[in-house]
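Descriptive analysis of the structure
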Amino acid sequence: MKKGTYFFIIILMLFSLAGCRADDRVNNAKVTIGKSQKFSEEEIKDAIECTKEKFEIFDGCTLTDIRYDEEKSNKLTQSYLEYGGGYEAGNTADNVVVLMSNFEVDSSGGDGSLEPNSTYTDWQWDLVKNIKTGKWEVVDWGY
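Let me begin by describing the structure that accompanies this report.

Criteria and cut-off values
- Residues numbered from 1 in each chain as written.
- Predicted model: local features only at pLDDT ≥ 70, side-chain atom pairs only at ≥ 80, totals over all residues.
- Heavy atoms only, no water.
- Helix = DSSP H or I, 4+ residues; strand = E, 2+ residues; numbered from the N terminus.
- Buried < 20%, exposed > 50% of the residue type's maximum accessible area, 1.4 Å probe, protein only.
- Salt bridge = Lys/Arg side-chain N within 4 Å of Asp/Glu carboxyl O.
- Pairing = 2+ DSSP bridges.
- Axes fitted to C-alpha atoms, helices over the stretch in contact; angles between N-to-C directions.
- Contact = heavy atoms within 4.5 Å.

1. Some points on the environment of Ile57
Within the secondary structure, Ile57 is located in the loop between α2 (41-55) and β2 (61-68). You can call Ile57 exposed: its relative accessible area is 53%. Separated by 53 residues in the primary sequence, Ile57 and Gly110 place their C-alpha atoms 9.2 Å from one another.

2. Here we look at the pattern of salt bridges
All told, the structure shown has six salt bridges when counted by the stated rule. Residue Glu49 is joined to Lys52 by a salt bridge in which the shortest nitrogen-to-oxygen separation is 3.7 Å. Residue Glu49 and its partner Lys52 are both found in helix α2; the two are separated by three residues, about one turn of the helix. Via salt bridges that share partners, Asp65, Arg67 and Asp122 belong to a single interconnected network.

3. Considerations on the pairing of strand β3 (residues 96-105)
Most of β3 is tucked away: nine of the ten residues are buried. Looking at chain direction, β3 and strand β4 (residues 118-129) are connected through nine bridges and run antiparallel. Note on β4: the bridge partner recorded for Val98 is Asp126.

4. Overview of the sheet that holds β4
The strand order across the open sheet formed by five strands is β1-β2-β3-β4-β5, and the pairing between neighbours is mixed. Looking at which strands have only one partner, the edges of the open sheet turn out to be β1 (30-33) and β5 (136-142). Sheet twist, expressed as the average angle between the axes of neighbouring strands with direction ignored, equals 25°. The strands touched by α2 are β1, β2, β3, β4 and β5; relative to β5, the strand with the most contacts, the crossing angle is about 60°.

5. Describing unusual backbone geometry
Within the chain, Asn117 stands out as a residue other than glycine whose phi angle is a positive 50°. Within the secondary structure, Asn117 is located in the loop between β3 and β4. The exposure class of Asn117 is exposed, given its relative accessible area of 60%. In this structure, Asp122 is a non-glycine residue whose phi angle is positive, near 55°. Examined against the element boundaries, Asp122 turns out to sit in strand β4.

Rendered as structure tokens:
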């Protein structure tokens, strides 16, 4: 009976360690939040957490940093609203934020659409805040 219990504990430990590694490729990213007159720090942190959750689908990739710069975000928000369908969806500059990130891709090339063994810089994440729920949603990403 003891051998079976020890074996079960070891298997559980291995699974928990594997889960930690997956989280580490997202959660160890450097986070930089610039000053904002548009959003509270908590709103920006929530947007960053939403983006990290979306990044988890990027297999074979490690998020190295994610940042909010209000001046850059405002310019990119305007572009999203005008050319990315933001206005048509009923969004305004008050419920859109754009974050920037850098990430590394391992030898697998992620899902095959990314350059293996490379670093992507200034990757853009467009998020919209649902006015009713107050939750952010990533609506677009890329260069």
